[in-house]
Structures are given as C-alpha cells and as structure tokens.
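# Per-entry structural report
Spelled out, the chains give:
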Amino acid sequence: MTKDSVLDACKTLFTVRDWLRYGVSEFTRSGVVFGHGTSNALDEAAYLILHALSLPIDQLEPWLDTRLTMRERETIADLFEQRITTRKPAAYLTGEAWLGPYRFTIDERVIVPRSYIGELLINGLEASVPQLGEVRSVLDLCTGSACLAIVAALEFEDAYVDAVDISADALAVAARNVTDYGLADRVRLVESDVFSALEGQRYDLIIANPPYVTDGAVADFPPEYQAEPVLAHAGGTDGLNTVRRIMENAADHLEPDGLMIVEIGTGRDTFETIYPDLALDWLDTEASEGEVFAVQASQLMDLSR
C-alpha cells in the first residue's frame, strides 16, 4: 500500500462492505501471514475494521452497509497500512487479543494468545477429561499474558492459580490483565524457570503451553512470527527441550490424583518416541488434532525418579 493508494481509498470507499473488500484484496496481494487470532484475509480485515470502529468483534453483518466518516476511513486505512508494511500481527497493532469471549491486553513483550488449552477450558474441561477431580489449585506454566491462568480462574471459581513465566517483561503484561479481571486475590504471578521457584508447591491441575517450535522452524519464521518473543517459541532441535523439563519434574508438583495438560503443537510423533510407555489422553479441539495431551500424576512418577 502506498500513501497515494491509501488516500484514494479514503476518498472512494464509503461503507464497511467497501473497506472489507479492499482489506481482503490488499492483504492477499501483499502476502501477509495469518495465525494470530485469524486464519484468513477476510477475518483479519473484519477484525481490524470492527476494532477501528469500536464495534463488537463478532458482529459484522449489521454494519456492512453503514457509511463511514472520513476520520473512520482514515483510521481503518492506517491499520491496514500498518499491518502490511510492518507485518506485525494485528493483535500488536490493536493492543488486544481474544480467547473466546475473553479479552486481554497485550504488546510485543508476550506471544499473541492462541492456545488450544484455552478452548478446552472455555468449553468445560470436565467434558474432555472425565477423570479430572476437584480443582482447588492450578499452575499455569509459561503464562505469558496470563490468559490461560485467568480463564482457569474464571472457569474454576474456587481455585487459586499460580501463573509462572521466566520473563519479567511478560509478567508485567500479565499483571495488567490480572488486575483488569479483578483476580489479584486468586492469581499469583511468579517469575520462575519452569518449576525452579516452586519448591514444595503442589497443584490439582497443571496447564502448560511451553515453547515447542524447532530451531529450524524458528529460523524460517515469516515476519509475523518473528515479531513475537523468540523465547516463547524456541524449543530446541526437536522442539521439546522445555517440554522434557516439565515432564521430568511435574510429578513433584502434582497432587497424587492431579492432572497435567500440555500443548506441544505438531510434536506428537517425536514426543511419543521419547515417552513410548506413557498412557496419555490426546485432547482434540475444534481447531486441532493431536496437539494437546493430558497425563495423570501417577503416570509421571517413574519419570521423576
């Protein structure tokens, strides 16, 4: 997008429908990459338009033929231009990200929230994991923006949640979200390298969305993924460096009847080669298959030894 093309668009595009079509065309021509809350040019353009107009992000249809003021057109055009020229995920441009109905403030100190564990929590974890017992304590490893910790606190209303991250910068973002949701009395933020600062602590449920991208894939990231903290992605040669550390120490931090849920992306084959004897429940979601597993504390005891 050039300055002249943006100016022409502001002069000739009048409705939300006009700008939606324009955004899809420009994103497609520019080769931007999706995957940070949307999966295609249409949804990306719709999100940026609705955000720019301060409209509900799940209600496009009622506004399609609404005529826009010049200031509104300029705001949309500016977001479109930034998205194409910077190649930053839309969430960094708007300063917000969503997991289902839950909104979180984010910036480039944290990865853009998009965990499949969030979908499982929102849809009712008990339905996917019938063996889940009473949940009074939760540990969220690699919490980032604290999105999963907050959703867990909201879904398990009687539970206390420890939200852990190695990055002090990430925890600063997490603190704002915890405050925004009024959960400072139930969600504790802990700076820790996985379990290092949690000696003696045990939990009914551990959830973890750790770094799990291979070194090769990180090196080939498009600009959108390069904009995120590399620490949140880099999982080593096979992608499972942090996952191994979690597996080997989790038994010491789970209650005897506790459960752990871990997201590992596309690393299932490698994981099952490393841990061939573990009895795992693979938890598929609407958008994923074989990327999240649940394991009971009793299964992890041999690993800790």
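Please refer to the structure placed before this passage.
Residues numbered from 1 in each chain as written. Predicted model: local features only at pLDDT ≥ 70, side-chain atom pairs only at ≥ 80, totals over all residues. Heavy atoms only, no water.

Once that is clear, we can look at the packing of helix 2 (residues 16-30) against helix 4 (residues 70-86). Packed helix pairs are specified by the crossing angle of their axes together with the interaxial distance, meaning the distance between the axes. Relative orientation of the contacting elements helix 2 and helix 4 amounts to 15°, with a least axis distance of 10 Å. Between helix 2 and helix 4, the angle falls in the class roughly parallel. The two elements helix 2 and helix 4 meet at a crossing, and its hand is right-handed. Facing helix 2, whose interface residues are Trp 19, Tyr 22, Gly 23, Glu 26, Phe 27 and Ser 30, helix 4 presents Arg 73, Ile 76, Ala 77, Phe 80, Arg 83 and Ile 84. Looking at side-chain class alone, the contact of helix 2 with helix 4 contains seven nonpolar, two polar and three charged residues. (Axes fitted to C-alpha atoms, helices over the stretch in contact; angles between N-to-C directions. Helix = DSSP H or I, 4+ residues; strand = E, 2+ residues; numbered from the N terminus. Parallel < 35°, antiparallel > 145°, perpendicular 65-115°, else oblique. Left-handed = near helix turned anticlockwise from the far one by under 90°. Contact = heavy atoms within 4.5 Å. Nonpolar A, V, L, I, M, F, W, Y, C, P; charged D, E, K, R; others polar.)

Two faces belong to every sheet, and in a regular strand the side chains alternate between them. Burial of strand 9 (residues 292-296) is extensive: four of the five residues sit out of reach of the surface. Here two bridges tie strand 8 (residues 281-282) to strand 9, and the two strands are oriented antiparallel to one another. Residue pairing for strand 9: Asp 281 is matched across the bridge by Ala 294. (Buried < 20%, exposed > 50% of the residue type's maximum accessible area, 1.4 Å probe, protein only. Pairing = 2+ DSSP bridges.)

On to the nonpolar core. Ranked by size, the top nonpolar core spans 44 residues in total, and within it Leu 121, Leu 125, Leu 205, Ile 207 and Ile 261 carry the most contacts. Looking at this core element by element, the count peaks at seven residues for helix 8 (residues 147-155). Beyond its immediate sequence surroundings of up to four residues, Ile 207 is in contact with Ile 117, Leu 121, Val 138, Leu 139, Asp 140, Leu 141, Leu 148, Ala 152 and Ile 261. Counting residues in each nonpolar core, the second largest holds 29 residues, with Leu 139, Leu 141, Ala 208 and Leu 254 among its members. (Core = buried A, V, L, I, M, F, W, Y, C linked by side-chain atoms within 4.5 Å.)

Our next topic: the side chain of Asp 204. Its place among the elements puts Asp 204 in strand 6 (residues 203-208). The side chain of Asp 204 sits in the buried core without any salt bridge; Arg 136 is the nearest counter-charge, 6.5 Å away. Look past the residues within four positions of Asp 204 in its chain and what remains in contact with it is Glu 134, Val 135, Arg 136, Ser 137, Leu 254, Glu 255, Gly 258 and Leu 259. (Lys, Arg positive; Asp, Glu negative; His and termini not counted. Salt bridge = Lys/Arg side-chain N within 4 Å of Asp/Glu carboxyl O.)

Taken together, the side chains of Glu 126, Glu 155, Glu 157 and Asp 158 present a region of like negative charge at the surface. With respect to the helices and strands, the residue Glu 155 is situated in helix 8. On the accessibility criterion, Glu 155 (31% relative accessible area) is partly exposed. (Patch = residues over 30% accessible without salt bridge, like charges linked within 9 Å, V, L, I, M, F, W, Y side chains within 5 Å. Areas by Shrake-Rupley, 256 points an atom, 1.4 Å probe, with all protein chains shown as cover. Charge placed at Lys NZ, Arg CZ, Asp CG, Glu CD.)

Going through the model one piece at a time under the given rule, you end up with 15 salt bridges. A salt bridge links Asp 65 to Arg 17; the shortest N-O distance between them is 2.9 Å. Here Asp 65, found in the loop between helix 3 (41-52) and helix 4, pairs with Arg 17, found in helix 2; they are 48 residues apart in sequence, far enough to count as distant. Residue classification places Arg 17 among the partly exposed positions, given a relative accessible area of 41%. One salt bridge connects Arg 136 with Glu 134, and the closest N-O pair in it is separated by 2.9 Å. In this structure Glu 134 comes out as exposed when scored by relative accessible area, which is 56%. Salt bridges here are not isolated pairs; linked through shared partners, they connect Glu 44, Arg 83, Arg 87 and Glu 224.

Such coordinate-based values are descriptive only and should not be taken to indicate function.
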